[in-house]
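# Reading the structure
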Amino acid sequence: MPKKQSGQTGAAVAALDYDVIHAGDCIEVMQSLPAESIDLIFADPPYNLQLKGELHRPDNSRVDAVDDAWDRFASFEAYDAFTRAWLTAARRLLKPDGAIWVIGSYHNVFRLGAALQDGGYWLLNDVIWRKSNPMPNFRGKRLTNAHETLIWAAKSEGSKYTFNYEAMKALNDGVQMRSDWTIPLCTGSERLKTATGEKAHPTQKPEALLHRVMVASTRPGDVVLDPFFGTGTTGAVAKRLRRRFIGIEREADYRAVAEARLAAIRPTDSEAVAVTTSKRAEPRVAFGVLVERGLLAAGETLVSMNGRHAARIRADGTLVASEVRGSIHQVGAALEGAPSCNGWTYWHFRRDGAIVPIDFLRQQIRAEMQE
């Protein structure tokens, strides 16, 4: 892995370096990086809040709102031009099967969505991040703004993007992950502060949010780019999960905070960061291989999971039961009068007085194939 080179300017970039924070304009730096070199982009661009004047609580204390220069644009047209430019630069960097996550509020997320579609990206999901501890609406003139929206998009319609469905299901207690995520705002010890006790960044994202994004859409070793790196939440989670990161940040104060933060993080061990894969992604094993290998014998009888049916194995890996012949799936479906059947879980064999699903033998073969 290339050595970290913090604070490198865009003009000096000659090759793709990992675990590095580049200083400078995100568009210029992205244009200097190699094409099709990034697996995933997570972007938290300026929200263009258009705040006018200071915001105060009922007790007249000042709210530390987003009023920095980097969030100010002369017009919606200027913001749209900026958005199209960085999204174009970002799309060039994505591998053919790469993807992007963009987060925003009601101020900008609809403009981001249109720009993504106009720029050739293929939208996969919008995810509502519901904040369990949102900031109140102090003026009492609108609803409490309790969520932000993430847009997940593939580089193109034909991209075979990464989605770790089984891992997300496992993360959600065995239930399919929904597109509304309840995660608290970044508070407590996770909230980075300056030497004077102020927030180091006004919109620091919680690591839990990035953890879910990366578990969902990356694998260990993937390269994750954050063109608006801020104080380094994307890099912190990537490093901990053994993904490689590239950050771009023009503000020196944010870079300094991010570097100190990243230096304190130690990667999790390799086995712990492996994601649960879908069975569809595992090596294909034909039932006939079990017969060829002698794990099951021609002439041996299999029984159905409900005990109502039996079938004999033929030398070519098909089954025969009464007048029905065919694959483990076809015979199971015919006997049950069903349109389809997963023969791997339907059929069982007998060993030492126990009834064992034939899928047990398939997993043995797969384990050997992956050694």
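Coordinates for the structure precede this section.
Here's a quick rundown of the structure. Please read all numbers here as calculations on a predicted model, not as lab measurements.

Reading the values: rules and limits
- Residues numbered from 1 in each chain as written.
- Predicted model: local features only at pLDDT ≥ 70, side-chain atom pairs only at ≥ 80, totals over all residues.
- Heavy atoms only, no water.
- Helix = DSSP H or I, 4+ residues; strand = E, 2+ residues; numbered from the N terminus.
- Buried < 20%, exposed > 50% of the residue type's maximum accessible area, 1.4 Å probe, protein only.
- Areas by Shrake-Rupley, 256 points an atom, 1.4 Å probe, with all protein chains shown as cover.
- Salt bridge = Lys/Arg side-chain N within 4 Å of Asp/Glu carboxyl O.
- Polar contact = N/O pair within 3.5 Å; in protein donor to acceptor, adjacent residues only side chain to side chain.
- Contact = heavy atoms within 4.5 Å.
- Pairing = 2+ DSSP bridges.
- Axes fitted to C-alpha atoms, helices over the stretch in contact; angles between N-to-C directions.
- Arc of directions from axis to C-beta.
- Right-handed = clockwise from strand over helix to strand, strands pointing away.

### Remarks on the overall build of the chain
When its secondary structure is counted, the chain shows 12 helices and 15 strands. In the chain, which comprises 371 residues, the share counted as buried stands at 45%. Per element, the accessible surface of the chain, about 19100 Å² overall, is 50% carbon and sulfur.

### Considerations on the environment of Gly 158
By the element assignment, Gly 158 lies in the loop between strand 6 (147–154) and helix 4 (165–171). Take Gly 158: its relative accessible area is 62%, and that puts it in the exposed class. Sequence-wise, Gly 158 and Pro 96 are 62 residues apart; in three dimensions their C-alpha atoms are separated by 8.7 Å.

### Focus on the pattern of salt bridges
A pair can form between side chains of opposite charge whenever their charged atoms are brought close. Taken as a whole and judged by the stated rule, the model has 13 salt bridges. With a closest N to O distance of 2.7 Å, Arg 362 and Asp 359 form a salt bridge. Highlighted residues: Arg 362 and Asp 359, both in helix 12 (residues 359–369), separated by 3 residues, approximately one helical turn. We classify Asp 359 as buried; its relative accessible area is 11%.

### Focus: the side chain of Lys 205
You can see Lys 205 is positioned in the loop between strand 7 (180–182) and helix 5 (207–217). In terms of polar contacts, Lys 205 uses its side chain to reach the backbone carbonyl oxygen of Thr 203, at 3.0 Å. Beyond its immediate chain neighbours, meaning those up to four positions away, Lys 205 contacts Asp 44, Tyr 47, Ile 103, Trp 129, Glu 148, Cys 186, Glu 190, Leu 210 and Thr 233.

### Thoughts on the sheet that holds strand 14 (residues 347–351)
Taken in spatial order, the 6 strands line up as 13-12-11-10-14-15 in an open sheet, and their pairing is antiparallel. The open sheet has two edge strands with one neighbour each: strand 13 (324–326) and strand 15 (354–357). Pairs of neighbouring strands in the sheet enclose a mean axial angle of 35 degrees, with direction left out of account. Sheet topology note: the strand 10 (residues 301–304)/strand 14 ladder contains 2 bridges and is antiparallel. Across the sheet, residue Ser 304 finds its bridge partner in strand 14, namely Trp 347. Against the sheet, helix 10 (residues 328–336) touches strand 11 (310–313), strand 12 (319–321), strand 13 and strand 14, its axis set at about 155 degrees to strand 13.

### Quick look at helix 3 (residues 109–118)
Among all positions of helix 3, only Val 109, Leu 112, Gly 113, Ala 115 and Leu 116 are buried. End-on, the buried residues of helix 3 take up no more than an arc of 165 degrees, which puts them together on one face. Set apart from the buried face of helix 3 by more than 90 degrees, the exposed residues are Phe 110, Gln 117 and Asp 118. Gly 120 lies just past helix 3 and shows a positive phi near 100 degrees.

### Examining the pairing of strand 8 (residues 223–226)
Taking every second residue as pointing to the same face, both faces of strand 8 are buried, with Val 223 and Leu 225 on one and Val 224 and Asp 226 on the other. Inspection of the sheet shows strand 3 (residues 38–43) paired to strand 8 by 2 bridges, in the parallel sense. Residue Ile 41 lies in a different strand from strand 8, and its bridge partner there is Leu 225. Relative to strand 9 (residues 244–249), strand 8 runs parallel, the two being bridged by 4 bridges. Paired with Asp 226 across the strands is Gly 247, a residue of strand 9. In this view, the connection linking strand 8 to its parallel neighbour strand 9 by way of helix 6 (residues 233–240) has right-handed handedness.

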